[in-house]
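Architecture at a glance
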Amino acid sequence: MAGSVTGVAVPKHSLSKLQSLNGLFAIYKKEGPTSADVLNSLKETLLKEAGVKDPNPRKRKKQALKMGHGGTLDSAASGVLVVGIGNGTKMLSTMLAGSKKYMAVGELGKATDTLDATGKVVHEKLYDHITREAFEEKLKQFTGDIMQVPPLYSALKKDGKRLSVLLKQGHEVEAKPARPVTVYNLSLQDFTPPLFTLDVECGGGFYIRSLVDDLGKALSSCAHVRKLIRTKQGQFTLDDHTLQEEHWTLQHIVQSMQPCPGSEVTKEDGTKPSPNLGVKRALNAQVKGDKNGKDETGEL
């Protein structure tokens, strides 16, 4: 027999098959929702497809589906979000510590309290003295093993509460001490003042917002992030591996998932899934003229 959810036939064993999956896959996170919100939306979509009535993905006890993500993207950022399902959640620590790539658009001359376009402008400085050559020379100071102070508005916690939440509640928050981070590659892709575009490959714990803020100061000006897209995390790339929201189905996950070592996954026809789904996502690196404050910004 088959159940029915919103008029769509659901195989009898969809839930058990969903719960039997163990591995990693990547989804596309759009700008706006938090990474946790996106994960809960994915859970809810899959559970509904499996025939679960009124699923509550935020319920922590007796969860019908074990799932987690491998690295927070700020609400205003977009791009690759790696998801672990079943025993795949145990592999997410490698995603947190591993290499990541970003495309970031920054704006010179304005600093905000959040270090991105979602915050209030707190400083304005001239930037017409900055040349492309001077900019590229400064990038060398931020490549390799460096020390970085995390932004106040972040997912880091104090007494169990996120710093960003404490700030919004009116509490005074001290900056966390500088910590070692690694930048593998850093290049200037476009320089059209006040805007500039960076390609960044970095290790875990690195904040793009702090990088852009520090760059502005190093150039005797100030800057903030206007747009941020994570283009790669671990082996998962934006162009080749991310599932768009319309492909958040059991079938597409089975096709794109990289199973845990020792796990076997087969498709409905009995064949093994291909490693790449090949879903393409075009990057829009130009944000000129878009001043509505809704640009993709943020960090990991």
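Residues numbered from 1 in each chain as written. Predicted model: local features only at pLDDT ≥ 70, side-chain atom pairs only at ≥ 80, totals over all residues. Heavy atoms only, no water.

1. Section: the confidence of the model for the chain
Do not read the fine detail of predicted coordinates wherever pLDDT is low. Note the following rule: Every residue gets a pLDDT, meaning the predictor's confidence in that residue, from 0 to 100. Every residue pair with non-hydrogen atoms within 4.5 Å of one another is taken to be in contact.
Here the chain shows a mean pLDDT of 81. Residues at 70 or above account for 72%. Per-residue pLDDT stays below 50 along residues 1-10; that stretch engages in 11 contacts with residues further than four places along the chain or on separate chains. Under a pLDDT of 50 for its full length, residues 266-270 has, in the predicted model, nine contacts with residues more than four places off or in other chains.

2. Focus on the pairing of strand β12 (residues 179-192)
The cut-off we apply is this: What makes two strands pair is DSSP finding at least two bridges between them. Here a strand is any run of E in DSSP of at least two residues, a helix any run of H or I of at least four, and the numbering for each starts at the N terminus.
The pairing of strand β9 (residues 144-148) with β12 spans five bridges and is antiparallel. Bridging across to β12, Ile146 finds its partner in Val181. The pairing of β12 with strand β13 (residues 195-202) spans eight bridges and is classified as antiparallel. Bridge pairing in β13 links Phe191 to Phe196. Taken together, β12 and the strand that follows it, β13, pair antiparallel across an intervening segment of two residues.

3. Overview of the nonpolar core
Worth spelling out the cut-off: Only buried residues count toward a nonpolar core, which is a set of Ala, Val, Leu, Ile, Met, Phe, Trp, Tyr and Cys residues joined through side-chain atoms within 4.5 Å. Relative accessibility decides the category of a residue: with a 1.4 Å probe and only protein chains considered, values under 20% of the type maximum give buried, values over 50% give exposed, and everything between is partly exposed.
If you look at the biggest cluster of nonpolar residues, it comprises 28 residues, and the most contacted ones within it are Phe135, Phe196, Leu198, Phe206 and Ile208. Only β6 (100-108), α4 (132-139), β12, β13, α6 (208-218) and β14 (223-233) provide two or more residues apiece to this core. At five residues, the largest contribution of residues to this core is made by β12.

4. A look at the packing of aromatic side chains
Here is the rule we go by: Note on ring pairs: Phe, Tyr and Trp rings are taken, using the six-membered ring of Trp, and paired if centres are within 6.5 Å. Classes follow the plane angle, with under 30 degrees stacked, over 60 edge-to-face and the rest tilted.
Taken as a whole, this structure holds two aromatic pairs when the rule is applied. One aromatic cluster in this structure is built from Phe135, Phe191 and Phe196.

5. Side note on the environment of Thr143
Checked against the element boundaries, Thr143 lands in the loop between α4 and β9. With a relative accessible area of 35%, Thr143 lands in the partly exposed category. Each C-alpha atom of the pair Thr143 and Cys202 lies 9.2 Å from the other, and the pair is 59 residues apart in sequence. Setting aside chain neighbours within four positions, we find Thr143 in contact with Val183, Tyr184 and Leu186.

6. Comments concerning helix α2 (residues 35-49)
Our working rule: Residue count minus one, scaled by 1.5 Å, sets the expected span of a helix.
With 15 residues, α2 extends 21 Å from end C-alpha to end C-alpha; this agrees with the ideal 21 Å at 1.5 Å per step. Buried within α2 are the following residues: Ser35, Val38, Leu39, Asn40, Leu42, Lys43, Leu46 and Leu47. Buried residues along α2 sit against α1 (14-19), β3 (23-29), β4 (67-69), β5 (78-85) and α8 (250-256). Trailing α2 by a residue or two, Gly51 shows a phi angle of about 95°, which is positive.

7. Re the environment of Leu186
Mapped onto the fold, Leu186 is located in strand β12. With 85 residues separating them in the primary sequence, Leu186 and Lys101 have C-alpha atoms 9.8 Å apart.

8. Let's talk about the pairing of β5
With eight of eight residues buried, β5 lies mostly within the body of the structure. Alignment of β3 against β5, held across seven bridges, turns out to be antiparallel. Each bridged residue has a counterpart across the sheet, and for Tyr28 the counterpart in β5 is Val80. In the sheet, β4 pairs with β5 via three bridges, with the strands oriented antiparallel. Residue Met67 lies in a different strand from β5, and its bridge partner there is Ile85. When β5 meets β14, the two strands line up parallel, connected through two bridges. Note that in β14 the partner of Ser78 across the bridge is Ile229.

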